[in-house]
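Listed here are the chains, written in short residue letters.
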Amino acid sequence: MAHLINDKDLSFLLYDVFEAHKLNDIPRYQDHDRTTFDGVIQTAKRIAADYFAPHNSKADEHEPKFDGTSVSTIPEVKEAWKHFVEAGLLNPRHSYEDGGMQLPALIHSACSGLFASANPGTAGYPFLTSAAANVIHAFGSAEQKETFLPGMFNGSFSGTMALTEPDVGSSLGDLTTKAIPQEDGTYKIKGQKMYISGGDQDITDNIIHLVLARVEGGPSGVKGISLFITPKFLVNQDGSLGSRNDVQLAGLLHKMGYRGTTSTVLSFGEQDNCAGYLIGEEGKGLSYMFKMMNEARIGVGLGGAMIGYRGYLESLDYAKNRPQGRKPTNKDQNSKPVNIIEHTDVKRMLLAQKSYVEGSLALCLFASKLVDLDEAAGDQDSGILLDLLTPVVKSFPSYYGPKANDLAIQVLGGAGYIREYPVEQCYRDNRLNPIHEGTHGIQSLDLLGRKLWMHNGKGLQLLMAKVNTTLANAKEIASLQPLVETYQKKLATLTQTTMTLGQHLQTGKVDEALANSALYLDLMGKMVVGWLWIEMAQKAVATFSDSESEEDQTFLAGKLQACKYFIDWELGEVEHQAKLLTSLDDTCSSMKQDWF
Ligand SMILES: Cc1cc2nc3c(=O)[nH]c(=O)nc-3n(C[C@H](O)[C@H](O)[C@H](O)COP(=O)(O)OP(=O)(O)OC[C@H]3O[C@@H](n4cnc5c(N)ncnc54)[C@H](O)[C@@H]3O)c2cc1C
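Let me sum up the structure you'll find in this document. (Residues numbered from 1 in each chain as written. Predicted model: local features only at pLDDT ≥ 70, side-chain atom pairs only at ≥ 80, totals over all residues. Heavy atoms only, no water.)

**Quick look at the side chain of D552**
Keep this limit in mind: Runs of H or I in DSSP of at least four residues are treated as helices and runs of E of at least two as strands, each being numbered from the N terminus. Partly exposed residues are those whose accessible area sits between 20% and 50% of the maximum for their type, while under 20% is buried and over 50% is exposed, using a 1.4 Å probe and protein chains only. Any pair of nitrogen or oxygen atoms within 3.5 Å is treated as a polar contact; in protein, a donor-acceptor pairing is required on top of that, and neighbouring residues in sequence qualify only through side-chain atoms on both sides. Note on contacts: a residue pair qualifies if any of its non-hydrogen atoms lie within 4.5 Å across the two residues.
Mapped onto the secondary structure, D552 falls in helix α18 (residues 550–569). In this structure D552 comes out as buried when scored by relative accessible area, which is 13%. A polar atom in the side chain of D552 sits 2.5 Å from the side chain of K8. Separated by 2.6 Å, the side chains of D552 and S547 make a polar contact. Excluding residues that lie within four positions of it along the chain, D552 makes contacts with K8, F544 and S547.

**Observations regarding a nonpolar patch on the surface**
In plain terms, the rule: Patches here are clusters of residues that have more than 30% relative accessible area and form no salt bridge, with a 9 Å joining cutoff for like charges and a 5 Å cutoff for nonpolar side chains (Val, Leu, Ile, Met, Phe, Trp, Tyr). All accessibility values rest on the Shrake-Rupley procedure with a 1.4 Å probe; residue burial counts only the protein chains present in the view. We define a salt bridge as a side-chain nitrogen of Lys or Arg found within 4 Å of a carboxyl oxygen belonging to Asp or Glu.
Taken together, the side chains of Y417, I418 and Y421 present a nonpolar region at the surface, about 340 Å² in accessible area. One can find Y421 in the loop between α11 (414–417) and α12 (423–430).

**Looking at the site of the ligand**
Put simply, the rule is: We call a residue near a molecule or strand whenever a single non-hydrogen atom of that residue lies within 4 Å of it.
Around the ligand sit 18 residues, and of these M161, L163, T164, S170 and T439 come closest. Within the side chain of T164, a nitrogen or oxygen atom sits 2.7 Å from a nitrogen atom of the ligand. T439 places a side-chain nitrogen or oxygen 2.6 Å from an oxygen atom of the ligand. Breaking the shell around the ligand down by element, the ones donating at least two residues are β3 (157–162), β5 (187–197) and α13 (440–449).

**Digging into the packing of aromatic side chains**
Here is the rule we go by: Note on aromatic contacts: the rings of Phe and Tyr and the six-membered ring of Trp form a pair at centre separations within 6.5 Å, being stacked when their planes are under 30 degrees apart, edge-to-face when over 60 apart, and tilted otherwise. Our definition puts a charge over a ring when NZ of Lys or CZ of Arg is within 6 Å of the ring centre and also within 35 degrees of the ring normal.
Counted under the stated rule, the structure contains 18 aromatic pairs. Note on F148 and Y277: the rings are 6.1 Å apart at their centroids and 40° apart in plane angle, and the pair reads as tilted. Of this pair, F148 sits in helix α7 (residues 142–154) while Y277 sits in strand β12 (residues 275–278); the two residues are 129 residues apart in sequence, bridging distant segments of the chain. F148 sits in the buried class, given a relative accessible area of 4%. Classification of Y277 as partly exposed rests on a relative accessible area of 22%. A ring pair is formed by Y318 and Y421, whose centres lie 5.8 Å apart and whose planes are at 90°; its orientation type is edge-to-face. Separated by 103 residues along the polypeptide, Y318 in helix α8 (residues 285–321) and Y421 in the loop between α11 and α12 bring together distant segments of the chain. Site record: aromatic cluster; members linked through ring pairs are Y356, F396, Y399, Y400 and F566. When the ring centre of F555 is taken as reference, the NZ or CZ atom of K8 above it lies at 5.7 Å.

**Section: the pairing of strand β6 (residues 206–215)**
The following threshold applies: Here the rule is simple: two strands pair whenever DSSP picks up at least two bridges between them.
Within β6, ten of the ten residues are buried, which leaves the element mostly enclosed by the surrounding structure. With six bridges connecting them, β3 and β6 associate as parallel partners. If you follow G159 over to β6, its bridge partner there is I208. Here two bridges tie strand β4 (residues 178–181) to β6, and the two strands are oriented parallel to one another. Along β6, the bridge assignment pairs A179 with V215. As judged from the seven bridges shared by β6 and strand β7 (residues 225–231), these two strands associate in the antiparallel manner. Its bridge partner lying in β7, R214 is registered against I225.

**Let's talk about the nonpolar core**
For the record, the criterion: Residues belong to one nonpolar core when they are buried, are Ala, Val, Leu, Ile, Met, Phe, Trp, Tyr or Cys, and are joined through side-chain atoms within 4.5 Å.
By size, the foremost hydrophobic cluster in this structure holds 134 residues, and its most contacted members are L14, L463, Y487 and M524. Filtering out sequence-adjacent residues up to four positions away, Y487 remains in contact with V467, L471, M527, G530, W531, I534, I567 and L571. If you look at the next biggest cluster of nonpolar residues, it comprises 30 residues, including V135, M161, L227 and M293.

**A look at the layout of surface pockets**
To keep things clear, this is the line we draw: The rule is simple: put a 1 Å grid over the protein atoms alone, call a set of points where a 1.4 Å probe fits but cannot get out a cavity, call an open set with protein on both sides within 12 Å along at least five of seven lines a pocket, and count a residue as lining if it has an atom within 4 Å of a point. Grid points are joined across faces, edges and corners, and a volume is the space filled by probe spheres set on the points. Here the nonpolar group is Ala, Val, Leu, Ile, Met, Phe, Trp, Tyr, Cys and Pro; Asp, Glu, Lys and Arg are the charged ones; every other residue, Gly included, is treated as polar.
Taken as a whole, the second largest pocket encloses approximately 670 Å³ of empty space. Together, 22 residues line the second largest pocket, and N6, Y312, L316, K320 and K354 are the ones closest to its centre. Sorting the residues of the lining of the second largest pocket by element identifies α8, α9 (344–376) and α18 as the ones contributing at least two each. A total of six residues in the lining of the second largest pocket trace back to one element, the largest contributor, which is α18. For the lining of the second largest pocket, the class distribution of residues is nine nonpolar, five polar and eight charged.

**A closer look at the packing of helix α1 (residues 7–17) against α18**
The test is simple: Only C-alpha atoms enter the line fits that serve as axes; for helices the fit covers just the stretch in contact. Angles between N-to-C directions range over 0 to 180 degrees. Each angle is binned into one of four classes, with values under 35 degrees roughly parallel, values over 145 roughly antiparallel, values of 65 to 115 roughly perpendicular, and all other values oblique.
At a closest axis distance of 12 Å, the pairing of α1 and α18 adopts a crossing angle of 75°. Viewed along their axes, α1 and α18 adopt a mutual orientation that is roughly perpendicular. Counted together, K8, D9 and F12 of α1 and E551, D552, F555 and K559 of α18 form the full contact between these two elements. Here the contact of α1 with α18 is built from residues that sort into two nonpolar, no polar and five charged.

**Things to note about unusual backbone geometry**
One non-glycine residue with positive phi stands out, namely E19, at about 50°. Following the sequence through the fold, E19 ends up in the loop between α1 and α2 (34–52). In this model, E437 sits at a positive phi of 55°, which is unusual for a non-glycine residue. Positionally, E437 belongs in the loop between α12 and α13.

**Examining α9**
One full turn of an α-helix is made of 3.6 residues, so residues set three or four places apart face in the same direction. Stated formally: Multiplying 1.5 Å by the residue count of a helix minus one yields the expected span of that helix.
Here α9 contains 33 residues, and its C-alpha end-to-end distance of 47 Å stays within 8% of the 48 Å for a straight helix at 1.5 Å per residue. Counting buried positions over the 33 residues of α9 gives 24, a clear majority of the element. Remark: G378 follows α9 within two positions and exhibits a positive phi of approximately 65°.

**Looking at the environment of N334**
Summarising the element assignment, N334 is placed in the loop between α8 and α9. Linking N334 and K145, residues 189 residues apart in sequence, is a C-alpha distance of 72 Å.

**Some words on the pairing of strand β9 (residues 241–244)**
Two elements, strand β8 (residues 233–235) and β9, share two bridges in a ladder whose sense is antiparallel. Residue pairing across strands places V235 opposite L241, the latter belonging to β9.

**Considerations on helix α19 (residues 574–582)**
Note the cut-off: Here the arc refers to the directions that run from the helix axis out to each C-beta atom.
Within α19 the residues assigned to the buried category are V574, Q577, A578 and L581. Along α19, the residues classed as buried sweep out an arc of 100° about the axis, all on the same side. Along its buried surface, α19 packs onto α15 (481–506) and α17 (517–544). Among the residues trailing α19, L584 stands out with phi positive, at a value near 50°.

**Here's the deal with the side chain of T122**
Checked against the element boundaries, T122 lands in helix α6 (residues 120–139). For T122, a relative accessible area of 2% puts it in the buried group. Within the structure, the side chain of T122 is placed 2.8 Å from the side chain of H55, a separation counted as a polar contact. Ignoring sequence-local partners within four residues, the contact set of T122 consists of F52, H55, V77 and A80.

Written as structure tokens, this is what we have:
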């Protein structure tokens, strides 16, 4: 049976660290309590274990096929979709009147994480459908909501996000897909989109593509981009299916991982007859899309964290059961070999994984709670902090999740490299996460070039206030004091680095200050996750130190050790990175093409 998550860790994070049970103070969530939350999580876990995990490897081996007319996926994918939908997991956050459960984002993320761990490929379909439905729900007209949302909520329609084109990826302002206004208020869409996940499949009756396109005659750049509902089949007002729209599958792409999700090249309007319906106002397409991207990016971060988590648990299990070698001091060849978990180097690799994946999960759950406080409780500060942290929440788990999977392979040795064991697939699946939803490099530019300075830098002030509260609490615990002191020094370095880079940006040295933005993203990510590790350690002491249960004491000891590992080992690079950043080191920027 697949190891999806450490249940005790999830419960600790939800209730002891992020106090999910107090969310019912928010009127929208007042009907919920810990019992209802646990009930939904248990349902999600059962469906993930029974209907998603069992075909994870099969879907990887038998990727979707296109015979020139239609796409076929293995039947287990449709079966998993059916159970997911029947459990109400497709739109759990929506209002009761829309058929939802008014579930907090925090609990929804806990559920989504289980599916990402079980089978990220199949989990891609509901993830994309929810994201597309959320955009229509937030910005669509009443008629659009009535027409498209019921099908997207009841699972007969799926959704996609169609941004990327063959020649336009990161630089969306350059996209060329056209939207030609028609007399009846609709548009004809014309152009090609590439890498569109779930762009065709045999799971649902219809697919609702959200397409970014440029209205003919409109301004160039981002201001000319609008967003269109472009269904595979037209939908009558009563929700029934009409004729086929002019959206053609040009082909499937064959990927390294996430092979269970179709990746498509789609042609819109080859017959000049592709109907699209404008969402909101012309020219605001990217802003609508990006408003919803905050949550989609938490979803990508969560994917990175949970695929990393799955690999960690698999490698931990293997290490506990694989006898090999003896301690360096034991020269007796006739003695029993130890299990590899006894070797310090294997412990190092497991500790690194534990610190990355549990830290990443904490980060994603923290961000999800900010969504709740912002959207459901109207706390603007939480929204500002979420804006600042979104690039970090997307990027840290996406970068360190695959690193964890890389270490998981190493723990298994040769077994890690062969397909009979799940960790090589985890690595291949997870390697997508630093690429899609804004690459690592693009996220770093967004953080250093934009997010830090929004709202006059208030996001950073809010973050620092939270960090300082944690440090003050942790300082009261003798065993945490040395870690707090180490962290505080590094925090001063981060603050100084941020101020120096801010001054350079203000005085016009923009290219120079942004040249090493990826280092800054890494530095900030490590400091944010370091903070969460101290928060976890402090909460673990508060929760478990008086417990007489051996399980609690073991859990506490593990959290403290992983916190120590992260602060003492992983934050070691902070000063070096800060030096490269503040000196505007030009080793990379001054490299010439022909020197390579
Ligand atoms: C499996 C998969 C699924 C996907 N699903 C979807 C989907 O459902 N919908 C959708 O619309 N798209 C999807 N994408 C596309 C994805 O979002 C893009 O691949 C991504 O945005 C990068 O674009 P690109 O591939 O064109 O790379 P490019 O933009 O060409 O980037 C290549 C490299 O150059 C760097 N780079 C580019 N510009 C800059 C810059 N200004 N400064 C510094 N570095 C830069 C990037 O960081 C990257 O390392 C998917 C991609 C994959 C692989």
